[in-house]
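Results of the structural survey
Residue strings, one per chain:
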Amino acid sequence: MAAEPIPTATPALTNLVRRWSELSSLLITLSAMSLARAFMEAVRAWEARQRLLCRFGMLRRFHPLPVLEGDQRAASDPSAHAALSASAGTGKTQVLTARVLRLLLGGVDPGAILCLTFTKAGAAEMANRISARLAAWVRMPDLALGHDLFALGEAHDTAALQRARRLFARVLETPGGLRIQTIHGFAQTLLASFPAEAGINPGFQPIEGRAEAELIRRTLASLLADAEAARDDAL
């Protein structure tokens, strides 16, 4: 019996197989790229959510507030008039933050609280501490929140816990929020509110650093030009 001949691939068939293989590889590559792109978009969305949560203190693991004692407890009492003086790193900002938190816990309207600092950095630090702590209280376990209220010297029963959890929303709903400003920023606000009484033009703008340097340069140049024109050798 004669053996049947083994079929051989024609050039056209070989070319078709090669193209199919290339197309399959291309489809696999495109599919992998799509999956990778989708994965990266999901990662970016997750990171954005994490940043948002961290910004409002929802995700941070906060250290419990230290228990205030002695002079620090007395200085944080909103009913007491106190002058706080201490060296750097001894907890002045902590005490002042505790005083604001106790004011809020006592039912004071957030819009009625004014905090003044010397520097923008100090104002930002205090604002961040207060807003982050209030945000953390929203979802903090009862035991941890109770410890914070105890550390501040406030009641820590169920009703107090509920009031503390509502403070973050109350501050957000207050027009302008908590007013924590620098002294010069507050003075500017007063002048802008009462320009006639201050004897200045309404709509004035404070001079910034670059504009101040330019004004000094132009003033000196004008002064020297006038002195030269008047032949003022002394000047």
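Computed from a prediction, not measured in an experiment: that's the story for all the values here. (Residues numbered from 1 in each chain as written. Predicted model: local features only at pLDDT ≥ 70, side-chain atom pairs only at ≥ 80, totals over all residues. Heavy atoms only, no water.)

Right, let's get into the pattern of salt bridges. One pass over the structure, following the stated rule, counts five salt bridges. Put simply, Arg 165 and Asp 142 hold a salt bridge, and the shortest N to O gap is 2.4 Å. Here Arg 165 is found in helix 6 (residues 158-173), whereas its partner Asp 142 is found in helix 5 (residues 142-152), with 23 residues between them in sequence. Classification of Arg 165 by relative accessible area gives buried; the value is 16%. Judged by relative accessible area, Asp 142 falls into the partly exposed class, the value being 49%. A salt bridge links Glu 214 to Arg 217; its shortest N-O distance comes to 2.7 Å. Taken as a pair, Glu 214 and Arg 217 lie in helix 9 (residues 209-229) at a separation of three residues, close to a single helical turn. You can call Glu 214 partly exposed: its relative accessible area is 34%. Its relative accessible area of 49% is what places Arg 217 among the partly exposed residues. (Salt bridge = Lys/Arg side-chain N within 4 Å of Asp/Glu carboxyl O. Helix = DSSP H or I, 4+ residues; strand = E, 2+ residues; numbered from the N terminus. Buried < 20%, exposed > 50% of the residue type's maximum accessible area, 1.4 Å probe, protein only.)

Below, the discussion takes up the confidence of the model for the chain. Here the chain averages 78 in pLDDT, and 72% of its residues register 70 or above. Helix 6 holds the highest mean pLDDT among the elements of the chain, 92, whereas helix 1 (residues 11-55) holds the lowest, 60. (pLDDT = per-residue confidence, 0-100.)

One number sums up the size of the largest pocket: a volume of about 560 Å³. Along the wall of the largest pocket there are 22 residues; nearest its centre are Leu 84, Lys 92, Leu 96, Leu 116 and Met 126. Taken together, the elements giving at least two residues each to the lining of the largest pocket come down to helix 3 (92-105), strand 1 (114-117) and helix 4 (120-139). No other element matches the seven residues that helix 3 contributes to the lining of the largest pocket. Across the lining of the largest pocket, the residue classes tally to 15 nonpolar, four polar and three charged. (1 Å grid on protein atoms, 1.4 Å probe; cavity = no way out; pocket = protein on both sides within 12 Å on 5 of 7 lines; lining within 4 Å. Points joined across faces, edges and corners; volume = space filled by probe spheres on them. Nonpolar A, V, L, I, M, F, W, Y, C, P; charged D, E, K, R; others polar.)

Bringing helix 3 into the picture now. Spanning 14 residues, helix 3 covers 20 Å between terminal C-alpha atoms, matching the ideal 20 Å at 1.5 Å per step. Within helix 3 the residues assigned to the buried category are Gln 94, Val 95, Thr 97, Ala 98, Val 100, Leu 101, Arg 102, Leu 104 and Leu 105. Contacts made by the buried residues of helix 3 are with helix 2 (70-75), strand 1, helix 4, helix 5 and helix 6. A positive backbone phi angle near 95° is found at Gly 107, which sits one or two residues after helix 3. (Expected span 1.5 Å × (residues − 1). Contact = heavy atoms within 4.5 Å.)

Let us look at the packing of helix 4 against helix 6. Two numbers describe how helix 4 lies on helix 6: the axes approach to 7 Å, and their chain directions differ by 130°. When the interaxial angle is binned, helix 4 and helix 6 end up oblique. Pair helix 4 / helix 6 crosses with left-handed handedness. Taken together, the residues of helix 6 that come into contact with helix 4 (itself represented by Ser 131, Leu 134, Ala 135, Trp 137, Val 138 and Arg 139) are Ala 164, Arg 165, Leu 167, Phe 168 and Val 171. Broken down by class, the residue content of the contact of helix 4 with helix 6 amounts to eight nonpolar, one polar and two charged. (Axes fitted to C-alpha atoms, helices over the stretch in contact; angles between N-to-C directions. Parallel < 35°, antiparallel > 145°, perpendicular 65-115°, else oblique. Left-handed = near helix turned anticlockwise from the far one by under 90°.)

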